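Listed below are the residues making up each chain.
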Amino acid sequence: MQQIVVTNTRYQRIVEMLNRRQPDLTIIMDGVHKTHNLAAIARTCDAVGIGWIHAVSRDGHLHLGHKRASGAEKWVAVATHASIADAYRHLKHEGFAIVATVLRADAIEFDQIDYTRPTAIAVGNELDGLSEKAVEGADTCVRIPVQGVVESLNVSVATALILYEAMRQRRAAGFYERRRISDEDFSRLAFEWTHPPVAAYCRRQGLNFPPLDDHGDLAQAIGDNRSSSVGEFLARIKEKD
């Protein structure tokens, strides 16, 4: 493992990204299995400032696909649920309204609802769409109007359209102009993304993450290495790993 040298530019990029995160906007993927669709959805979520997405997965694991996701898997975490009911129960407990995407003619057009409230958008798999349980458990159903022969769009394209409408509304409301995640989440993610090997070491040793200076560098050594310099501490981690 090479010693990490953090440039101010990279750290500032991470800070700016975290300052635009939208903790009360997310996606629920109900049975979406194709890797290219999972990866495309993750990329779009990162682009609009979503850091956590949800998925229903029987085996508890989803592979976003490193190349297709173009690095989005580093910045977007996936919470898996055993059933759509479990996912809905969790998100409703957190105060989210559930918006289901459907093909029904009586559904509201996707750009006619308020996405500035805490919103979880449920999207279905590539062949059958959302399950009946997913539709029945939602608070609102929306549709994307189409003018051609095909009845629906690819799930990743449909997700992108809805999320960019949500971003448009949130930008107009000033949601991207101030930090909206907690100070605790900000400090943790900034450290994990800036110093991943050191973060891994701290977790293994049960140590708290040390503070970072304005350039994203370690402000002090860690644990029983407090008397040594930061450079010496990083060298010791390198030797151990």
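(A) Region of the structure containing the nonpolar core. Counting residues in hydrophobic clusters, the biggest one holds 28 residues, and the most contacted among them are I27, M29, I121 and L163. At the level of secondary structure, the elements contributing two or more residues to this core comprise β1 (25-30), α2 (35-47), β2 (52-56), β6 (119-124) and α7 (155-172). Ranked by the residues each element gives to this core, the list is headed by α7, at six residues. For I121, the contacting residues outside a window of four places in its chain are L25, T26, I27, I28, V99, T101, Y115, I162 and L163. Judged by nonpolar contacts, the second largest core, of 18 residues, contains A87, A100, L130 and A134.

(B) View of the pattern of salt bridges. Under the counting rule described, the total for this entry stands at eleven salt bridges. With a shortest N-O distance of 3.6 Å, E109 and R143 are connected by a salt bridge. Placement of the pair is E109 in strand β5 (residues 108-109) and R143 in strand β7 (residues 140-143), with a sequence separation of 34 residues. In this structure E109 comes out as partly exposed when scored by relative accessible area, which is 31%. Exposure remark for R143: the relative accessible area of 22% places this residue in the partly exposed category. Members of the salt-bridge network, linked through shared partners, are D185, R188, E192 and R203.

Criteria and thresholds
Residues numbered from 1 in each chain as written. Predicted model: local features only at pLDDT ≥ 70, side-chain atom pairs only at ≥ 80, totals over all residues. Heavy atoms only, no water. Core = buried A, V, L, I, M, F, W, Y, C linked by side-chain atoms within 4.5 Å. Buried < 20%, exposed > 50% of the residue type's maximum accessible area, 1.4 Å probe, protein only. Helix = DSSP H or I, 4+ residues; strand = E, 2+ residues; numbered from the N terminus. Contact = heavy atoms within 4.5 Å. Salt bridge = Lys/Arg side-chain N within 4 Å of Asp/Glu carboxyl O.

Purely spatial values, then, with no claim about function.
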